[in-house]
Amino acid sequence: MTIDSKFYTTTVHGGTEPEPRTGAIMTPIFQTSTFVQSAPGEHKGFDYSRADNPTRTALEVALAKIEKADYGLAFSSGLAAEQAIIQILEPGCRVLVCDDVYGGTGRLFRKLFAKYGIDFQFVDMTKPEEIKAQLSDNTSMLWVETPTNPTLKIIDIEKMAEAARSVGALLVVDNTFPSPAFQSPLDLAADIVVHSTTKYIGGHSDLIGGAVMTRSKELFEQVKFIQFAAGAVPSPFESFLLHRSIKTLAVRMQQHERNAFAVAEFLSSHPKVERVFYPGLESHPDHHVAKKQMRGFSGMVSFNLKGSYDEVVKFTQSLKVFSLAESLGGVESLINHPERMTHASVPEALRKKLGIGYNLLRLSVGVESSDDLIADLTEAFGA
Ligand SMILES: *Cc1c(COP(=O)(O)O)cnc(C)c1O
């Protein structure tokens, strides 16, 4: 499976116009809070950087283009982007959320927004009967993340769009894991796409950011108002960094996927591995859904290691190319222990249900040589 060839051009050129005064090919970092006006209320489209900043505007155009959206909005983090989406809702409404949503998303919904009278129901969205049971007239939104984290389940986006439409609800898809290179939820009838741009779109583990993309003018205006009114915007410098990162998104994703495939196949045949989770493998239970809605399977691979907790720890410490750290999507390979690290805040009963146990490890496969990555894993298995 391959990335659209047009995507390579979009990532390089989207949102980038030579700067008119000097011809600078990159949009400069407009490190300014305010803009001089020629008469009260008369300006060149920018009056205050919380509202709009030229460096951020260039980024937002690029974000819209790579997600095949008409509008893009940049935020100071993925969770700030999610917060702005939830804030378009009214108290009393219901939101159905996939049960193995990103841990911080679950925390935002359960611990913060539930107290404002929004009823969040966490359901297994791979099971249509669970959704049907929870859909109601006051359901305003379905919140999908696919592939899920860390067990890489696949949720059928078109089916979720149908379910949302049946009650007049919006469909939001968190597209962080596949990145716009491999999945286009707006083409599959989603209303809003959200990203933690900290991950693949940023790609270098050097910034925190979020994005919202949509084709609906009305939804754009609602979320834009919240961005302006609440102010969770990225700085001009971070906007510049992220825009710069987008230019290599296609080539990075191609290498991430190639390496992830090689690592997943290697792990599948290793005697010390109990089970591998990678949607690209034919053995993955939702492989057919993944093939239908994705152009590639991205760079995340999870697996169960055979052995005790101490052996699992030893394995993570023996790796030299993979670093033990949270987060994902950077050029460097990372290993994460979800139970003790990224998913420690998930209620224990839910962790059990989702299969997040002591021997589950999650890899963010980077863009190094796959031979070196496999050699590193081989050596750590030996230890
Ligand atoms: C990291 C992540 C988030 C949260 O984004 P931040 O940039 O850390 O605020 C949301 N969704 C997914 C899938 C993530 O991986």
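These numbers come from a predicted model, not from an experiment.

## Considering the sheet that holds strand β1 (residues 71-75)
If you trace the 7 strands from one edge of the open sheet to the other, you get β1-β7-β6-β5-β4-β2-β3, paired in mixed fashion. Whereas interior strands pair on both sides, the edge strands pair on one side only; in this sheet they are β1 and β3 (119-123). Pairs of neighbouring strands in the sheet enclose a mean axial angle of 20°, with direction left out of account. Packing of helix α3 (residues 78-86) onto the sheet brings it into contact with β1, β3, β4 (139-145), β5 (170-174), β6 (192-196) and β7 (210-214), and relative to β6 it is tilted by some 155°. Sitting on the sheet, helix α6 (residues 157-166) touches β4 and β5, and the angle it makes with β5 is about 150°.

## Comments concerning the site of the ligand
Around the ligand, 13 residues are found, and the nearest of them are G78, D174, S196, T198 and K199. Between D174 and the ligand, the recorded distance is 2.7 Å, taken from a side-chain N or O atom to a nitrogen atom. One nitrogen or oxygen atom from the side chain of T198 is found 2.7 Å from an oxygen atom belonging to the ligand. Contact with the protein chains hides 94% of the accessible area of the ligand, taken as 380 Å² for the molecule alone. Across the shell around the ligand, the residue classes break down as 3 nonpolar, 6 polar and 4 charged.

## Some details on the pairing of β3
Note: strand β2 (residues 94-98) against β3, 5 bridges, orientation parallel. In the strand pairing of β3, V95 is matched with F120. With respect to chirality, the unit in which β2 leads through helix α4 (residues 103-112) into the neighbouring parallel β3 is right-handed.

## Some remarks on the pattern of salt bridges
Evaluated as defined, the whole model comprises 14 salt bridges. Note that K127 is salt-bridged to D124, the shortest N-O span being 2.9 Å. Among the residues examined, K127 registers a relative accessible area of 36% and is labelled partly exposed. Between K153 and D124 there is a salt bridge; the shortest N-O distance is 3.6 Å. Placement of the pair is K153 in the loop between β4 and α6 and D124 in the loop between β3 and α5 (128-134), with a sequence separation of 29 residues.

## Considering the packing of aromatic side chains
Scanning all chains against the criterion turns up 12 aromatic pairs. Pairing F266 with F381 gives two aromatic rings, centres 6.3 Å apart and planes at 45°, and the pair type is tilted. Remark: F381 occurs in helix α14 (residues 370-382) and F266 occurs in helix α10 (residues 249-268); sequence separation between them is 115 residues. The pair F266 / F381 is uniform in exposure class, with both members buried. Here the aromatic residues F266, F303, F315 and F381 are joined through ring pairs into a cluster of three or more.

## Structural notes on the packing of α10 against α14
For any two helices packed against each other, the geometry comes down to the angle between their axes and how far apart the axes lie. At a minimum axis distance of 9 Å, the contact between α10 and α14 shows a crossing angle of 30°. Taken together, the axes of α10 and α14 are roughly parallel relative to one another. Where α10 crosses over α14, the two elements pack in a sense that is right-handed. On α14, the residues that touch N259, A262, V263, F266 and L267 of α10 are S370, L373, I374, L377, T378 and F381. Looking at the contact of α10 with α14, its residues break down into 8 nonpolar, 3 polar and no charged.

## Some details on the domain arrangement of the protein chain
In terms of domain boundaries, the protein chain breaks down into domain 1 (5-246) and domain 2 (250-382). Taken over C-alpha atoms, the centre of domain 1 sits 26 Å from the centre of domain 2. The interface of domain 1 with domain 2 comprises 40 residues on the first partner and 42 residues on the second. Together, the buried faces of domain 1 and domain 2 total about 3300 Å²; carbon and sulfur atoms form 57% of this surface.

## With respect to the nonpolar core
Core analysis: the largest hydrophobic core is formed by 46 residues, its most contacted members being I86, M125, M141, L142, W143 and L171. When neighbours within four sequence positions are excluded, M125 is seen to be in contact with L96, V97, C98, I131, L142, W143, V144, I155 and M160. Membership of the second largest hydrophobic core comes to 34 residues, among which are L59, I66, L207 and I356.

## Points about the state of the cysteines
Within the structure shown, the criterion is met by 0 disulfides. Note on C93: no disulfide assigned, nearest cysteine sulfur contributed by C98 at a separation of 17 Å. With a relative accessible area of 7%, C93 lands in the buried category. C98 gets classed as buried once you look at its relative accessible area, which sits at 0%.

## Some remarks on the pairing of strand β12 (residues 360-364)
Among the 5 residues in β12, 5 count as buried, and that is most of the element. By the alternation rule, side chains of β12 split into L360, R362 and S364 and L361 and L363, which are all buried. In the sheet, strand β9 (residues 300-305) pairs with β12 via 5 bridges, with the strands oriented antiparallel. Looking at the pairing, M300 lines up with S364 of β12.

## Quick look at the sheet that holds strand β8 (residues 273-277)
Read from one edge to the other, the open sheet built from 5 strands follows the order β8-β9-β12-β11-β10, with strand pairing classed as mixed. Edge positions in the open sheet fall to β8 and β10 (323-324), since each of these has one partner strand only. Where β8 meets β9, 4 bridges bridge the pair, whose relative direction is antiparallel. Of the residues in β9, the one forming a bridge with R275 is N304. Against the sheet, helix α12 (residues 309-318) engages β9, β10, β11 (334-336) and β12, with an angle of about 140° to β9.

Procedures and definitions
- Residues numbered from 1 in each chain as written.
- Predicted model: local features only at pLDDT ≥ 70, side-chain atom pairs only at ≥ 80, totals over all residues.
- Heavy atoms only, no water.
- Pairing = 2+ DSSP bridges.
- Helix = DSSP H or I, 4+ residues; strand = E, 2+ residues; numbered from the N terminus.
- Axes fitted to C-alpha atoms, helices over the stretch in contact; angles between N-to-C directions.
- Contact = heavy atoms within 4.5 Å.
- Near = heavy atom within 4 Å.
- Polar contact = N/O pair within 3.5 Å; in protein donor to acceptor, adjacent residues only side chain to side chain.
- Areas by Shrake-Rupley, 256 points an atom, 1.4 Å probe, with all protein chains shown as cover.
- Nonpolar A, V, L, I, M, F, W, Y, C, P; charged D, E, K, R; others polar.
- Right-handed = clockwise from strand over helix to strand, strands pointing away.
- Salt bridge = Lys/Arg side-chain N within 4 Å of Asp/Glu carboxyl O.
- Buried < 20%, exposed > 50% of the residue type's maximum accessible area, 1.4 Å probe, protein only.
- Phe/Tyr/Trp six-rings, centres within 6.5 Å; stacked < 30°, edge-to-face > 60°.
- Parallel < 35°, antiparallel > 145°, perpendicular 65-115°, else oblique.
- Left-handed = near helix turned anticlockwise from the far one by under 90°.
- Domains from an automatic or database assignment.
- Buried area = accessible area lost by both parts, 1.4 Å probe.
- Core = buried A, V, L, I, M, F, W, Y, C linked by side-chain atoms within 4.5 Å.
- Disulfide = S-S within 2.5 Å.

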